[in-house]
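Fold and geometry: a report
Now for the letters of each chain:
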Amino acid sequence: MNYISLYRKWRSQNFDEIVGQRHIVQTLKNAIAMDRIGHAYLFSGPRGTGKTSMARILAKALNCKDNLCGSCDSCKKITEGSAIDVIEIDAASNRGIDEIRELREKIRYLPVEGKYKIYIIDEVHMLTQEAFNALLKTLEEPPEHVVFVLATTESNRVPVTISSRCQRLDFERISQAEVKARLLEIAKSEATEVEDKALELIARAGEGSMRDSVSLLDQLISFSGSKITADQVVLLLGGANEELLFKVSNALVGEHAGELVLSLKEAIDAGKSALQIARDIIVFYRNLLLVKLSLPDTVDAGGDYIKRLEDEAAKYELPRIKEILKAVAVAEQEMKWNSQGRILLEVALLELLGNRSPVTVTKPVSMPEIGSSAEQPKPNTDTGIVTDSRLTKIKKHWNDILTSVKKKSLFGYVSLHEGQLLEINPQGKLVIGFKKGFGFHKDRLEEQKVKGVVEEVISEITGDKIGIICQVGGTDHPHLSAQAVAEIFQ
Ligand SMILES: [Zn+2]
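Attention in this report is confined to the structure presented alongside it. (Residues numbered from 1 in each chain as written. Predicted model: local features only at pLDDT ≥ 70, side-chain atom pairs only at ≥ 80, totals over all residues. Heavy atoms only, no water.)

Description of the sheet that holds strand S3 (residues 117-122)
Sheets are built from strands paired through backbone hydrogen bonds, the pairs being either parallel or antiparallel. Pairing in this open sheet of five strands is parallel, and the strands run S2-S3-S4-S1-S5 from one edge to the other. The two strands at the open ends of the sheet, each matched to only one other strand, are strand S2 (86-90) and strand S5 (167-170). Averaged over all pairs of adjacent strands, the angle between strand axes in this sheet comes to 15°, irrespective of strand direction. Where strand S1 (residues 40-44) lies against strand S4 (residues 146-152), five bridges are found, and the strand directions are parallel. For Leu 42, the partnering residue across the bridge sits in S4 and is Leu 150. Each of S1 and S5 is contacted by helix H2 (residues 22-33), which is oriented at about 150° to S5, the strand it contacts most. (Pairing = 2+ DSSP bridges. Helix = DSSP H or I, 4+ residues; strand = E, 2+ residues; numbered from the N terminus. Axes fitted to C-alpha atoms, helices over the stretch in contact; angles between N-to-C directions. Contact = heavy atoms within 4.5 Å.)

Following this line, the structure appears as structure tokens:
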């Protein structure tokens, strides 16, 4: 037996089976009931939202003698795709004028089996100019027995001369709740058990396209068998996108530069482009904004996810969310034209962190207890730490140094931003430390050119000629608790 894809198997066969698009179903049903069928419809909307299915159902409704029965000859043939009076043209693969010429010649002939001849032209915006011209002549004087359904994902590319002669119906993205309900129905009848969380992830991944979500479910069934877990979905989708976004948010809330850079690195290592990550972050913060504005209904997601978004949004003040959205949106614009997308995104996010003052930790063991330090400004000479005056100067001008380095070397800036000023060592060099796992910053800063820039800037700003060396570790001293380390890094 031939394998039939789940999407084809579950394609809606009548108006009631269509998921979403109630406004369109109602319009078409009314038109049929009142016998006011238009000669040309333009079905516009994102892929996978049911345009072609709706066109076929309309064809059935027009030619069935018994109210879209589904079992008469006409209905059966349309379902099978073998009806002579329903002509489907895929403009994406037939851009040529020939098909439209042929259409013009044959269109005069009366339908063979039913009352109407229905021409469904998919991706109509792909037609050549000549084909559009030929189509236009037909649309200007359509024979009584013909109905055109022009479907497109890009209505702005359909000439106005064409679209103005059509009744336009806009298909909307299908809500996640509706997609999820349909997926559950399909899974049940396929004897497949799917975790609720997994259903939600599949629905969300389709971004409003039923076809994409059902295809994904199809893949998962062949990949996982009769039981599908959320983990398997994450695996198939290539990385836990959602978790990444919460990690980024967590890092921004906690002002953890390291966590921020590392999260981005993980996502990029998992194969995501920086531009895609930026866009995901924008959508995420837009959702946080909507939730913050008490508009959770406008977020297209399931209840669990909304709850999580609400918890996350509670950590922010409204202006802060707007600030982040703006900054990432600006970066996203720039990234389209810049090959250093990752750096731009890193910089944009790091700039959102507060001005961290570097803390000197020459003798970590002498750090005050967490409880007692909470109210104190900063550990300094009182705790017995001897500070080189050059180090004090560098600390004082640290933000100026960062800003100036940024102008000369973005790479240098990003890495330097991650560093902690540890000490001036006995050889008179400024020691910059990086957390374990962040050796790539050390490597970057030690490139001769980058290092030169940093040393030059320090000299310009503080007047002290001083070399830098980098080390990994030393910032997270084993004598310090994780909490103490976290404090130092803030
Ligand atoms: Zn029928």
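Looking at the coordination of the zinc ion
Taken together, the protein donors to the zinc ion comprise Cys 64 (SG), Cys 69 (SG), Cys 72 (SG) and Cys 75 (SG), at separations of 2.2 to 2.4 Å. Given four donor atoms and angles of 102 to 119° at the metal, the environment of the zinc ion is assigned as tetrahedral. Mapped onto the polypeptide sequence, the residues donating to the zinc ion form the spacing pattern C-x4-C-x2-C-x2-C. Look at Cys 64 and you get buried, because its relative accessible area is 9%. (Donors = N, O, S within 2.8 Å, 3.2 Å for Na, K, Ca; no water. Tetrahedral: all angles 85-135°; square planar, octahedral: opposite > 155°, others 65-115°. Buried < 20%, exposed > 50% of the residue type's maximum accessible area, 1.4 Å probe, protein only.)

Things to note about the pattern of salt bridges
By the definition in use, this model includes 24 salt bridges. A salt bridge links Lys 227 to Glu 193; the nearest nitrogen and oxygen atoms lie 4.0 Å apart. Residue Lys 227 is located in strand S7 (residues 227-228), and its partner Glu 193 is located in strand S6 (residues 193-194); the two are separated by 34 residues in the primary sequence. Of the charged contacts in the structure, one is a salt bridge between Lys 247 and Glu 266, with a shortest N-O distance of 2.7 Å. Residue Lys 247 is found in helix H12 (residues 241-254), and its partner Glu 266 is found in helix H13 (residues 257-269); the two are separated by 19 residues along the sequence. When salt bridges that share partners are traced, they join Lys 180, Asp 196, Glu 200 and Arg 204 into one network. (Salt bridge = Lys/Arg side-chain N within 4 Å of Asp/Glu carboxyl O.)

Description of the nonpolar core
The nonpolar side chains of a soluble globular protein tend to be buried with one another. With 68 residues, the main nonpolar core has Leu 252, Tyr 285, Leu 349, Leu 416 and Leu 430 as its most contacted residues. No other element matches helix H14 (residues 274-292), which puts eleven residues into this core. Structurally, this core is a two-domain feature, drawing no fewer than three residues from each of domain 3 (241-351) and domain 4 (364-372 + 381-489). With near-sequence residues (within four places) excluded, Leu 430 lies in contact with Leu 391, Ile 394, Leu 421, Glu 423, Ile 424, Ile 458, Ile 466, Gly 467, Ile 468 and Ile 469. Core analysis: the next-biggest nonpolar cluster, separate from the first, contains 28 residues, Ala 61, Tyr 116, Val 147 and Val 149 among them. (Core = buried A, V, L, I, M, F, W, Y, C linked by side-chain atoms within 4.5 Å. Domains from an automatic or database assignment.)

Considerations on the packing of helix H8 (residues 176-189) against helix H9 (residues 196-205)
Each packed pair of helices is defined by two parameters, the angle between the axes and the distance between the axes. Two elements in contact, H8 and H9, have axes whose closest approach is 9 Å; the angle formed by their N-to-C orientations is 125°. When the axis of H8 is compared with that of H9, the two are oblique. Relative to H9, the crossing made by H8 is right-handed. Judged by residue contacts, Gln 176, Val 179, Lys 180, Leu 183 and Leu 184 of H8 engage Asp 196, Leu 199, Glu 200, Ile 202, Ala 203 and Arg 204 from H9. (Parallel < 35°, antiparallel > 145°, perpendicular 65-115°, else oblique. Left-handed = near helix turned anticlockwise from the far one by under 90°.)

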